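The lines below spell out each chain.
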Amino acid sequence: MTTTSLNQTGILVLGEVRSGIMHSATLELTAKAADLATKLGKEVATLLLFEDLKSDPAILSHYGADRVLCIRHKSLYLFDQEIQSRILSRVIGSLKPDIVLAPATTSGRTIMPAVAAILHTGLTADCTGLDIDPETGQLLQTRPAIGGNIMATIRTPDHRPQMATVRPKTFPVPDPDRQRNAVPEYIEMPEAVFVSRIQPLGMEPASGDDVNIQERDVIVSGGKGLKKQENFEMLRELASLLGGGVGASRAAVDNRWIGYPHQVGLSGKVVSPRVYFAIGISGSVQHLAGMQTAEFVVAINKDPESPIFKVADLGLCGDLFDIVPRLIQTLKGKMEGSI
Amino acid sequence: MRIAVLIKQVPDTDDVRMDETTGTMVREGIGAIINPLDLNALQAAVDLRSINGGEVTAISMGPPQAEAALREAIALGADNILFISDKRVAASDTWATARTLVAAITRSGPYDLILAGEKATDGETGQVGPEVAAMMDLPFSTYVSGMEFNGDGYLKVKRTVEDGVELQKIPLPCLLTVLRDLNEPVMPTLAGKKRARKAEMPLCDLESLELSPSETGIAGSPTRVVRIFYPQITRTPMLFKGKDIEEGIACLVRELENRAILGGGN
């Protein structure tokens, strides 16, 4: 590893590459890190671990990475928490950053705690706010707990690095600045680093309906008011017209109308889409916790007293079996008209 | 097969209501339950024991009231309980919690398998499991939604992740954090409830764990909470009903167009 400007690295970002594709959270987090690093007067390094990468890692410099560090190895083809944790620990050991950030994805939330435990430092999970304390230069990490009903701001005063995982889609991805350029540095590591007790056997990609709803810009969710499994077809149609995914309340999942991966809420997924439809969902705290950060919330429910209307931007109060088909017809009409 | 299950007592969030005027959660008078995903972990342990023999130990740390959760763990099939209750562990962050649990696991072990829920419904960090594994240098996996044990010293696990399901083979001893689709936790039996009532509930303190006060509680926590606040989550909707539904739909379509969800392309 190059040894120039080692102590300049204020922030190390662990990027995420899955199946050769760089996750958008990598750009988002690199850009946020660049903001924070400016306040510290230090540099940002983004680390990518992969076997194969379909995009040019240099683009990270357009989003604020002063250094782009790449480790390419055949054993990084499938996710291996033991190897990735070991690599991250080693890179932290040589760069000695003040701050280490990773997306709060399943991978980030798996590797980061293992590394924090070994390095004996603090780690804050699933942050939705990050700032630098102007007085101490410490990282202020704000995160929701109990489904966003409580927010806590957390610091790591005496241990280094300060580590945090950050919920994807929390910060905007800025326009790329093509004036900023860094040549990706490929780092060699001893073969022993890639030895693992875990044997990754394979990966079955989710398809169609099962694609992770957390990645969707639009989510159409149904609850108890849908009454039966077949009625979710209507929501699938609405979702597909809007290029979205289908979500559900816990009641709908408990009734086995739809699978658990679709469950939104405290005991399911926390989502933050641009538009969220809550259809036939009364809005328990359990559910609200999973969707209240959506940009625009549409509620369709027959009971005007439903709590869901208190967190909605637009409410349609009436029979969903009347309203949803009319909405679908209207949307179809619009689309035909626009072709 | 000796199995440890890490259990946390959490507020029963199904009970939670919203304060109409402040728009924040009402926390007074909420019951406590075993963290739902920990029930899946416990069920997996009980299922493995029924096939392979051995014993299941539920380990928890918390205030004296958390005893109820541990009794429930007995009712659900745990053979032994290890309950760390000591004022000096209060307010531990995830690092200090993991350090304390490691002391309890080491003292009561060795175990072939350690199981925990992927995260708790209150803190939602999901960090303690991987931290325990890393401190003990155990292989571990997370987000486990399926497991298979063929008696050959390995577990085959399915991990449900963002873009699909990963398959991994892991040697015992190891630690796994589990998801809800792993199994269907059963209700306690009458015999189980009876056993739970009679069960001894010895409390462990730091001395019995040979843990220094500097390694746990606030003193052992690298992180500090600087500020807590209660965000307002209420919004003011444009509400349409009755004859106005048609207008509401039109308004919604305009919103979707303005947000480039519709017509504007992506």
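Residues numbered from 1 in each chain as written. Chains lettered and ligands numbered in written order. Predicted model: local features only at pLDDT ≥ 70, side-chain atom pairs only at ≥ 80, totals over all residues.

Trainee: Is there a simple way to think about the pairing of strand β6 (residues 99–103) of chain A in this case?
Mentor: A regular strand places its side chains so that they alternate between the two faces of the sheet. Residues and elements named next belong to chain A. The buried count for β6 comes to five of five residues, which makes it a mostly enclosed element. By the alternation rule, side chains of β6 split into Ile 99, Leu 101 and Pro 103 and Val 100 and Ala 102, which are all buried. Where strand β1 (residues 9–14) meets β6, three bridges bridge the pair, whose relative direction is parallel. From the neighbouring strand, Val 13 faces β6, where its bridge partner is Leu 101. Bridge count for β6 against strand β11 (residues 162–166) is five bridges, and the pairing is parallel. (Buried ≥ 20, exposed ≤ 12 C-beta atoms within 10 Å, placed from the backbone. Helix = DSSP H or I, 4+ residues; strand = E, 2+ residues; numbered from the N terminus. Pairing = 2+ DSSP bridges.)

Trainee: Looking at this structure, I do not really get the sheet that holds strand β16 (residues 275–279) of chain A. What am I missing?
Mentor: Within a sheet, neighbouring strands are paired by backbone hydrogen bonds and run either parallel or antiparallel to one another. What the six strands build is an open sheet, ordered β15(A)-β14(A)-β16(A)-β17(A)-β18(A)-β15(B); its pairing is parallel. On the outer flanks of this sheet lie β15 (245–248) of chain A together with β15 (238–241) of chain B, each paired with one strand and no other. Strand-to-strand, the axes of this sheet are offset by a mean angle of 15°, without reference to chain direction. Strands β14 (218–222), β15 and β16 of chain A of the sheet are contacted by helix α5 (residues 232–241) of chain A, whose axis makes an angle of about 170° with β14 of chain A. (Axes fitted to C-alpha atoms, helices over the stretch in contact; angles between N-to-C directions. Contact = placed C-beta atoms within 7 Å.)

Trainee: Honestly, the packing of helix α2 (residues 67–75) of chain B against helix α5 (residues 190–198) of chain B in this entry has me stumped. Any pointers?
Mentor: Geometrically, a packed helix pair is captured by the angle between its two axes and the distance between the axes. Residue and element names in this part refer to chain B. Running from N to C, α2 and α5 cross one another at 140°; their axes reach a closest spacing of 7 Å. Classified by the interaxial angle, the pair formed by α2 and α5 is oblique. Considering the relative orientation of α2 and α5, their crossing is right-handed. Of α5, the residues touching α2 (which contributes Arg 71, Glu 72, Ile 74 and Ala 75) are Gly 192, Lys 193, Arg 195 and Ala 196. By residue class, the composition of the contact of α2 with α5 is three nonpolar, one polar and four charged. (Parallel < 35°, antiparallel > 145°, perpendicular 65-115°, else oblique. Left-handed = near helix turned anticlockwise from the far one by under 90°. Nonpolar A, V, L, I, M, F, W, Y, C, P; charged D, E, K, R; others polar.)

Trainee: What should I look at first to understand the packing of helix α3 (residues 94–108) of chain B against helix α4 (residues 128–135) of chain B in this one?
Mentor: All names here are of chain B. Contact pair α3 / α4: the axes reach a minimum separation of 9 Å and the direction vectors enclose 55°. Relative to α4, α3 is oriented oblique. Note that α3 runs across α4; the crossing there is right-handed. Residues Thr 94, Trp 95, Thr 97, Ala 98, Arg 99, Leu 101 and Val 102 of α3 form the contact with α4, whose participating residues are Val 128, Glu 131, Val 132 and Met 135. Of the residues assigned to the contact of α3 with α4, the class counts are seven nonpolar, two polar and two charged.

Trainee: Looking at this structure, I do not really get the pairing of β15 of chain A. What am I missing?
Mentor: Residues and elements named next belong to chain A. Alternating positions in β15 separate into two faces, Gly 245 and Gly 247 on one and Val 246 and Ala 248 on the other, with burial throughout. Pairing of β14 with β15, which is carried by four bridges, proceeds in the parallel orientation. If you follow Val 220 over to β15, its bridge partner there is Val 246. Running through α5, the crossover from β14 to the neighbouring parallel element β15 is right-handed. (Right-handed = clockwise from strand over helix to strand, strands pointing away.)

Trainee: Explanation requested: the domain arrangement of chain A in the structure shown.
Mentor: Size of an interface: often given as the accessible area lost when the parts come together. What the domain assignment lists for chain A is domain 1 (6–194) and domain 2 (208–338). Averaged C-alpha coordinates put domain 1 of chain A and domain 2 of chain A at centres separated by 33 Å. (Domains from an automatic or database assignment.)

Trainee: I tried to follow the nonpolar core on my own but got confused; where do I start?
Mentor: Taken as a class, soluble globular proteins show a tendency for nonpolar side chains to be buried jointly. Core analysis: the biggest nonpolar cluster contains 122 residues, and Leu 101 of chain A together with Val 5, Ala 73, Leu 101, Leu 115 and Val 132 of chain B have the highest contact counts within it. When near neighbours in sequence (up to four residues on either side) are disregarded, Ala 73 of chain B contacts Ile 7, Ile 34, Leu 42, Ala 58, Ala 78 and Ile 81 of chain B. By size, the runner-up hydrophobic cluster in this structure holds 53 residues, among which are Ala 289, Ile 308, Val 311 and Ile 323 of chain A. (Core = buried A, V, L, I, M, F, W, Y, C linked by C-beta atoms within 7 Å.)

Trainee: What is the right way to look at the domain arrangement of chain B in this model?
Mentor: What the domain assignment reports for chain B is domain 1 (2–215) and domain 2 (235–266). Put simply, the middle of domain 1 of chain B and the middle of domain 2 of chain B, counted by C-alpha atoms, are 45 Å apart.

Trainee: What am I meant to see in the sheet that holds strand β12 (residues 185–186) of chain A here?
Mentor: Residues and elements named next belong to chain A. Read across the open sheet, the seven strands follow the order β7-β11-β6-β1-β4-β5-β12; overall the sheet is parallel. Strand pairing shows two members of the sheet lacking a second neighbour, β7 (123–127) and β12, which therefore form its edges. Where β1 lies against strand β4 (residues 43–50), five bridges are found, and the strand directions are parallel. What sits directly across from Val 13, in β4, is Thr 46. Most of the contacts of helix α3 (residues 81–95) go to β1, to which it runs at about 170°, and overall it touches β1, β4, β5 (67–72) and β6.

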